[in-house]
Amino acid sequence: MVNFTFHKAALLQLLFVSCALAVNEAASSIRSIYLFKDVMKSDTTSLKTSGFNSVLIFGVGVLGNGDIMYYSNTPGSSDVLAASNGTYVGGDGLAAKIQSFKTGTTGIDRVEISMNSQNIKNLMASPGPGATTPLYRNFAALKTAWGLDAVNNDDESLYDVGSTVKFAQMLGQIGYSYTIAPYTNSGFWVSLIKQANAGLAEADRLLDRVYLQCYDGGAGNNPASWARTLGLNVVPLLWVTNDSKPSQGTTVASALSKFTSWNSAGGLAGGGYWNDYDIEKNGLSYSQYGDVLANIFK
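This write-up is about the structure you can find in this document. (Residues numbered from 1 in each chain as written. Predicted model: local features only at pLDDT ≥ 70, side-chain atom pairs only at ≥ 80, totals over all residues. Heavy atoms only, no water.)

Comments concerning the layout of surface pockets
Part 1 of the reasoning: In this model, the second largest pocket occupies a volume close to 310 Å³.
Part 2 of the reasoning: Along the walls of the second largest pocket sit 19 residues, with Glu156, Gln213, Tyr215, Asp216 and Trp274 positioned nearest its centre. (1 Å grid on protein atoms, 1.4 Å probe; cavity = no way out; pocket = protein on both sides within 12 Å on 5 of 7 lines; lining within 4 Å. Points joined across faces, edges and corners; volume = space filled by probe spheres on them.)

Rendered as structure tokens:
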């Protein structure tokens, strides 16, 4: 009887651990979308309830003095100075809108800002990445005001490893994770990943996500091949149907086919789209695109 009880308890513990692992595995599947449209004008409710769990706000930039701008990219909207001199100055309404992505009825648990590398090299050289610098203090203020989780690097021209690593490590000190959105120049990204994550355990990686562009300049990218090269699973991105570059657009049916094929080849951490502006401008369905991701990346 004692032996039976022991084995029963062990079996129950094993089942509990298996279930916990399954939950963690499901939680780790990334279903992302880039927010190109002014967040004050986008359909926040649909973004929160259509299967996405990660949003990346596109159009944040650093000025030469370390100030941070939010570029609206939307007709009728104005660019916003978001942080200056270590203080959030972007307005309560914008802060509340961005914080709302992760509150109430929502599937979103991660909010990132996406930026290029303009002015980063010079600012890392002088005054540097220290905690008293305007850049450090501005990113700290922005993180608090917007409830941010990560900064996404969409560098497509500068590719300076040393300054990028310093910047990523500065952000890590503030409490951000760091992610990348490559489409070419794999050698740069390999060096960045190795140096940014040097000495860190897998669970504590600073650079923890790769959003791989698989459209336009990256249309020929093979996610499994990139994953092997980078040493990290990737999140392939497709451009939704659009009227800017129609040949690069992807219908819901085509997205299902591509993500299914890529997923079967391995090396994926999830999937995602560029971008919300085109979905709304062209009267497309958030839920249909989101369902593709939810059905593949559980």
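A short note on the sheet that holds strand β9 (residues 177-180)
Part 1 of the reasoning: Spatial ordering of the closed barrel is given by β1-β2-β7-β8-β9-β10-β11-β12, a layout of 8 strands whose pairing is parallel. Neighbour-to-neighbour, the strand axes of this sheet turn through a mean angle of 25 degrees, independent of strand direction.
Part 2 of the reasoning: Two elements, strand β2 (residues 54-58) and strand β7 (residues 110-115), share 5 bridges in a ladder whose sense is parallel. Pairing of Phe58 across the sheet is with Ser114, part of β7.
Part 3 of the reasoning: In this fold helix α6 (residues 161-174) packs onto β7, β8 (150-153) and β9, with an angle of close to 140 degrees to the strand it touches most, β9. (Pairing = 2+ DSSP bridges. Helix = DSSP H or I, 4+ residues; strand = E, 2+ residues; numbered from the N terminus. Axes fitted to C-alpha atoms, helices over the stretch in contact; angles between N-to-C directions. Contact = heavy atoms within 4.5 Å.)

Remarks on the pattern of salt bridges
Part 1 of the reasoning: Summed over the entire model, instances satisfying the criterion amount to 8 salt bridges.
Part 2 of the reasoning: The salt bridge involving Asp216 is made with Lys245; its shortest N-O contact spans 2.9 Å. With Asp216 in the loop between β10 (207-213) and α8 (223-230) and Lys245 in the loop between β11 (235-239) and α9 (252-265), this pair connects stretches of sequence that are 29 residues apart.
Part 3 of the reasoning: Residue class for Asp216 comes out partly exposed when judged on its relative accessible area of 34%. (Salt bridge = Lys/Arg side-chain N within 4 Å of Asp/Glu carboxyl O. Buried < 20%, exposed > 50% of the residue type's maximum accessible area, 1.4 Å probe, protein only.)

Let's talk about the side chain of Thr179
Part 1 of the reasoning: Tracing the backbone shows Thr179 in strand β9.
Part 2 of the reasoning: Thr179 gets classed as buried once you look at its relative accessible area, which sits at 0%.
Part 3 of the reasoning: Polar contacts involving the side chain of Thr179 include one to the side chain of Asn152, which spans 2.9 Å. (Polar contact = N/O pair within 3.5 Å; in protein donor to acceptor, adjacent residues only side chain to side chain.)

A closer look at empty space enclosed by the protein
Part 1 of the reasoning: With the rule as written, the count across this model stands at 1 cavity of 30 Å³ or more.
Part 2 of the reasoning: Each pocket or cavity is described by its volume, and for the largest cavity that value is around 50 Å³.
Part 3 of the reasoning: For the largest cavity, the full set of lining residues is Met115, Asn116, Ser117, Ile120, Val151, Asn152, Asn153, Thr164, Phe167 and Tyr178.
Part 4 of the reasoning: Where the lining of the largest cavity is concerned, the elements lending two or more residues are β8 and α6.
Part 5 of the reasoning: Element by element, the count of residues in the lining of the largest cavity is highest for β8, at 3 residues.

Thoughts on the pairing of β11
Part 1 of the reasoning: Burial analysis of β11 places 5 of its 5 residues in the buried class, the great majority of the element.
Part 2 of the reasoning: The two faces of β11 match: Val235, Leu237 and Trp239 on one face and Pro236 and Leu238 on the other face are all buried.
Part 3 of the reasoning: For β10 and β11, the ladder comprises 3 bridges, and the chain directions are parallel. Counted as the bridge partner of Leu212 is Pro236 from β11.
Part 4 of the reasoning: The β-α-β motif built from β10, the intervening α8 and the parallel element β11 has right-handed crossover chirality.
Part 5 of the reasoning: Sheet analysis places β11 next to strand β12 (residues 270-274), joined by 3 bridges and oriented parallel. (Right-handed = clockwise from strand over helix to strand, strands pointing away.)

Re the packing of helix α5 (residues 134-146) against α6
Part 1 of the reasoning: Where α5 contacts α6, the two axes come as close as 10 Å, and the packing angle between them is 50 degrees. As summarised for this structure, α5 and α6 are arranged oblique, according to the angle between their axes. Viewed along their axes, α5 and α6 form a crossing whose handedness is right-handed. Between α5, through Leu135, Tyr136, Phe139, Ala140 and Lys143, and α6, the contact on the second element is made entirely by Phe167, Met170, Leu171, Gln173 and Ile174.
Part 2 of the reasoning: Looking at the contact of α5 with α6 residue by residue, the class counts come to 8 nonpolar, 1 polar and 1 charged. (Parallel < 35°, antiparallel > 145°, perpendicular 65-115°, else oblique. Left-handed = near helix turned anticlockwise from the far one by under 90°. Nonpolar A, V, L, I, M, F, W, Y, C, P; charged D, E, K, R; others polar.)

Some points on the nonpolar core
Part 1 of the reasoning: Judged by nonpolar contacts, the single largest core of 85 residues is most densely connected at Phe139, Trp146, Phe167, Tyr178, Phe259 and Tyr273.
Part 2 of the reasoning: For this core, the leading source of residues is α5, giving 7 residues.
Part 3 of the reasoning: Beyond its immediate sequence surroundings of up to four residues, Trp146 is in contact with Val60, Tyr70, Ala82, Tyr88, Leu94, Ala95, Ile98, Gln99 and Ile113. (Core = buried A, V, L, I, M, F, W, Y, C linked by side-chain atoms within 4.5 Å.)

Quick notes on the pairing of β9
Part 1 of the reasoning: Side-chain alternation along β9 places Ser177 and Thr179 on one buried face and Tyr178 and Ile180 on a second face that is also buried.
Part 2 of the reasoning: The pairing of β8 with β9 spans 4 bridges and is classified as parallel. Each residue of the ladder has a partner; that of Asn152, found in β9, is Thr179.
Part 3 of the reasoning: A crossover links β8 with its parallel partner β9, the connecting element being α6, and its sense is right-handed.
Part 4 of the reasoning: Judged from the 3 bridges that link them, β9 and β10 form a sheet pairing that is parallel.

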